Amino acid sequence: MNGKLKGNLMMFVAKTFSGLNQNALRYLLPNWMSAPTGVLLRLGFGSIFFAIFELFVRKKYPLPTWKEATILLFAGLILVFGYMWALLEGLSFTTPISSSIFISLQPVFVFIICLIIKTEKSTWKKIIGMLLGFGGALLCVLTQHSSEVASDPFKGNMFCLLGALLFSCYLVTEKRYIPKYGSAMVSFLTFFGGAVGAAILLIFYGWDAEVFHKSFFSTPFLVLLFVLIFPTSISYLLQDFSLKLLSATVVALYSDLILIVSAIASYIIGQDKFSWWQILAILLMLVSVYLVESSESANSPVINKASDVNNASGDNKE
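I will try to describe carefully the structure that is included in this document. (Residues numbered from 1 in each chain as written. Predicted model: local features only at pLDDT ≥ 70, side-chain atom pairs only at ≥ 80, totals over all residues. Heavy atoms only, no water.)

### Side note on the overall build of the chain
Looking only at helices and strands, the chain has 13 helices and zero strands in total. When the helices and strands of the chain are read in sequence order from the N terminus, they spell out α-α-α-α-α-α-α-α-α-α-α-α-α. Across the chain, contacts joining residues at least 24 apart in sequence account for 87% of those joining residues at least 6 apart. Taken as a whole, the chain presents about 14200 Å² of accessible surface, with 73% of it coming from carbon and sulfur. (Helix = DSSP H or I, 4+ residues; strand = E, 2+ residues; numbered from the N terminus. Contact = heavy atoms within 4.5 Å. Areas by Shrake-Rupley, 256 points an atom, 1.4 Å probe, with all protein chains shown as cover.)

### Considerations on empty space enclosed by the protein
Going through the model one piece at a time under the given rule, you end up with one cavity of 30 Å³ or more. What the largest cavity holds in volume is close to 140 Å³. In terms of lining, the largest cavity is formed by 15 residues, of which the most central are Lys15, Ser18, Tyr83, Tyr236 and Ile258. Per-class residue counts for the lining of the largest cavity are seven nonpolar, six polar and two charged. (1 Å grid on protein atoms, 1.4 Å probe; cavity = no way out; pocket = protein on both sides within 12 Å on 5 of 7 lines; lining within 4 Å. Points joined across faces, edges and corners; volume = space filled by probe spheres on them. Nonpolar A, V, L, I, M, F, W, Y, C, P; charged D, E, K, R; others polar.)

### A few points about the packing of helix α1 (residues 3-28) against helix α9 (residues 219-243)
Closest axis-to-axis distance for the α1/α9 pair is 8 Å, and the angle between their directions is 150°. As judged from the angle between their axes, α1 and α9 are roughly antiparallel. Once α1 is placed against α9, the crossing between them reads as left-handed. Per-class residue counts for the contact of α1 with α9 are 20 nonpolar, seven polar and one charged. (Axes fitted to C-alpha atoms, helices over the stretch in contact; angles between N-to-C directions. Parallel < 35°, antiparallel > 145°, perpendicular 65-115°, else oblique. Left-handed = near helix turned anticlockwise from the far one by under 90°.)

### Here we look at the side chain of Gln22
Inspection of the secondary structure puts Gln22 in helix α1. Judged by its relative accessible area of 1%, Gln22 is buried. At a separation of 2.7 Å, a polar atom in the side chain of Gln22 contacts the side chain of Ser99. (Buried < 20%, exposed > 50% of the residue type's maximum accessible area, 1.4 Å probe, protein only. Polar contact = N/O pair within 3.5 Å; in protein donor to acceptor, adjacent residues only side chain to side chain.)

### As for the packing of helix α4 (residues 96-103) against helix α11 (residues 255-269)
For any two helices packed against each other, one specifies the crossing angle of their axes together with the interaxial distance. The geometry of α4 relative to α11 is characterised by a closest axis approach of 8 Å and an angle of 170° between their N-to-C directions. The angle between α4 and α11 falls in the class roughly antiparallel. Contacts from Pro96, Ile97, Ser100, Ile101 and Ile103 of α4 reach α11 at Ser255, Ile258, Leu259, Ser262, Ala263, Ser266 and Tyr267. Its residues assigned to classes, the contact of α4 with α11 comprises eight nonpolar, four polar and no charged.

### Re helix α7 (residues 153-181)
With 29 residues, α7 extends 40 Å between its outermost C-alpha atoms, agreeing within 8% with the 42 Å of an ideal straight helix rising 1.5 Å per residue. The sharpest bend along α7 measures roughly 30° and falls at Lys175, with the proline Pro179 sitting one to four residues further on. Immediately beyond the C-terminal end of α7, within one or two residues, lies Gly182, with a positive phi of roughly 90°. (Expected span 1.5 Å × (residues − 1). Bend = angle between axes of the 7 residues up to and from the residue.)

### Observations concerning the packing of aromatic side chains
Evaluated as defined, the whole model comprises 16 aromatic pairs. Here Trp85 and Phe159 contribute two aromatic rings whose centre-to-centre distance is 5.3 Å and whose plane-to-plane angle is 85°, an arrangement assigned as edge-to-face. Here Trp85 is found in helix α3 (residues 66-91), whereas its partner Phe159 is found in helix α7, with 74 residues between them in sequence. An angle of 50° between the planes, with centres 5.7 Å apart, marks the rings of Phe167 and Tyr170 as tilted. Of the two residues, Phe167 and Tyr170 both sit in helix α7, three residues apart, roughly one turn of that helix. Pair check on accessibility: Phe167 and Tyr170 agree, each one buried. (Phe/Tyr/Trp six-rings, centres within 6.5 Å; stacked < 30°, edge-to-face > 60°.)

### Regarding the pattern of salt bridges
For the structure on display, the rule yields one salt bridge. The partner of Lys180 in a salt bridge is Glu68, and the shortest N-O contact between them spans 3.6 Å. Taken together, the positions of Lys180 in helix α7 and Glu68 in helix α3 put the pair 112 residues apart, joining distant regions of the chain. Judged by relative accessible area, Lys180 falls into the partly exposed class, the value being 44%. (Salt bridge = Lys/Arg side-chain N within 4 Å of Asp/Glu carboxyl O.)

### As for the nonpolar core
Counting 63 residues, the largest nonpolar core has Leu25, Met33, Leu43, Tyr83 and Tyr236 as the members making the most contacts within it. Residue assignment for this core shows that the elements contributing at least two residues are α1, α2 (35-57), α3, α5 (106-116), α7, α8 (183-205), α9 and α10 (248-253). Sort the elements by how many residues they give to this core and α3 lands first, with eleven residues. Counting eight residues, the second largest nonpolar core, distinct from the first, contains Phe102, Leu105, Val108 and Cys160. (Core = buried A, V, L, I, M, F, W, Y, C linked by side-chain atoms within 4.5 Å.)

### Description of the environment of Pro62
As for its position among the elements, Pro62 is in the loop between α2 and α3. Distance from Pro62 to Gly182, taken between C-alpha atoms, is 8.7 Å for residues 120 residues apart in sequence. Once you skip the residues sitting within four places of it in the chain, Pro62 turns out to touch Lys180 and Tyr181.

### Quick look at the environment of Ile128
Counting through the fold element by element, Ile128 comes out in helix α6 (residues 124-143). Overall, the relative accessible area of 43% leaves Ile128 in the partly exposed class. It is 9.6 Å that separates the C-alpha atoms of Ile128 and Val287, two residues lying 159 residues apart in sequence.

All we've got here are geometric facts, nothing functional implied.
See the structure below:
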């Protein structure tokens, strides 16, 4: 299978899980568990998952130096923990669709970061796409009001905006280290660093997981298992594999799929109410992503060829 096609298929599956993750977390928060508890559960489970996966691929990659391992641990402590905490806090106050709108800003943030570190060049399409993306997010902030499905949308949206920025920084960091040390080691170190941050936060907030008082086959517990296994573990693993085949900007563009999946699920199960302003915001985000993606495809053939050469050895290893 063509490397880019393989990467795109993996991202499609990964972000479909992530889209449903928005609805699953909104169901669990805050009645069945608190946001800090949810962050520790996700990062702790993810750390164990990637530690086990690392045992099967250990001989294929070198071990990171102490300096690089420390960098990855701190990246997890700040970026992964920060992203998950901001996402769960945001979902406690806003709707899955609004949360997904802000997550869809990831390609814009990744592009800005890449401009700063000089790994990408600006184009008019990307600049216009960025402005439309921020316009869609601003429209969501200004038009959403408190309701029975969103107790404090402004507060929740600001948390989600912070989460999108932190996750974008994480993508750029992962892209640098995965080809050298492999998906399992990089994800284990970042998730473990994030789990340490979550454990520290829990000291101040306390453990709050009513979901564990329910039976194994109860709806809340099954929803929690879904969150831990698919969006937390498998989704991140597929994303890591894709980062070896696609650019960080293209990977970030798949956050748009989260928005579409979450919107459809939210309207079906009643986690959000139909709003023309919200639909307009979604359309602005779609146009934003299209402009950035088309500009990325047209202006990075040399980069993609170089990455294909580098990733050929990675494919053989995996």
